[in-house]
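Observations on chain architecture
One letter stands for each residue in the lines below.
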Amino acid sequence: MVSVEVSNRSGQRIEESTVVELARLVLAGEGVEDGELGVAFVGPDEMRRLKREHLGVDEATDEKRWHS
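Small disclaimer: the values here were computed from a predicted structure and weren't measured. Each chain carries its own residue numbering, running from 1 in the written order of its sequence. Per-residue local features are limited, in this predicted model, to residues with pLDDT of at least 70; the limit for side-chain atom pairs, both in listing and counting, is 80 or more; totals at the level of whole chains, interfaces and linings are taken over all residues. Here the side-chain values reflect all heavy atoms present in the structure, with hydrogen atoms and water set aside.

**Focus: helix α1 (residues 16–29)**
- Helix and strand labels come from DSSP, where a helix needs a run of H or I of at least four residues and a strand needs a run of E of at least two; each type is numbered from the N terminus. Expected helix span is computed as 1.5 Å times (number of residues minus one). End to end, α1 covers 20 Å across 14 residues, agreeing with the expected 20 Å (1.5 Å per residue, within 8%).
- By the burial criterion, the buried members of α1 are Val19, Val20 and Ala23. Down the axis of α1, the buried set is contained in an arc of 95°. They therefore lie on one face. Along α1, exposed side chains directed more than 90 degrees from the buried face belong to Ser17, Glu21, Leu22, Leu25 and Gly29.
- By definition in these notes, contact holds between two residues if any of their heavy atoms fall within 4.5 Å. Tucked into the core, α1 has its buried residues touching β1 (2–9) and β2 (35–42).
- Phi turns positive one or two residues past the end of α1, at Gly31, with a value near 85°. Here the term buried applies to any residue with accessible area under 20% of the maximum for its type, exposed to any over 50%, and partly exposed to those in between, with areas from a 1.4 Å probe on protein chains only. As used here, the arc is the angular range of directions from the helix axis to the C-beta atoms.

Take a look at the structure:
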């Protein structure tokens with residue numbers, strides 16, 4: 001079985017059980033039956049910092065589609 005850990009640092013309400021179920025379904029569809037997965041939900045400032053650190057891109061993520 002795949003172990004899924006969810007971390008919500010976004011300040012938004014999420015249904016953790018739905019995230020875990022979806023992750024397991026996607027991984028099963030890809031043939032992954034065993035392992036560990038971490039899923040983190042972050043706010044805009046942290047997302048910008050992560051993009052800068054890992055992608056070398058210092059720009060905000062397009063938030064319009066999330067706040068319609």
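**What to know about the pairing of β2**
- For two strands to pair, DSSP has to find at least two bridges joining them. For β1 and β2, the ladder comprises 8 bridges, and the chain directions are parallel. Residue pairing across strands places Val4 opposite Leu37, the latter belonging to β2.

**Looking at the pattern of salt bridges**
- A pair is scored as a salt bridge if a Lys or Arg side-chain nitrogen falls within 4 Å of a carboxyl oxygen belonging to Asp or Glu. For the structure on display, the rule yields 7 salt bridges.
- For Glu46, the salt bridge identified is with Arg49, shortest N-O distance 3.6 Å. Of this pair, Glu46 and Arg49 both sit in helix α2 (residues 44–55), 3 residues apart, roughly one helical turn.
- Sharing partners across several salt bridges, the network here consists of Arg9, Glu46, Arg49 and Glu53.

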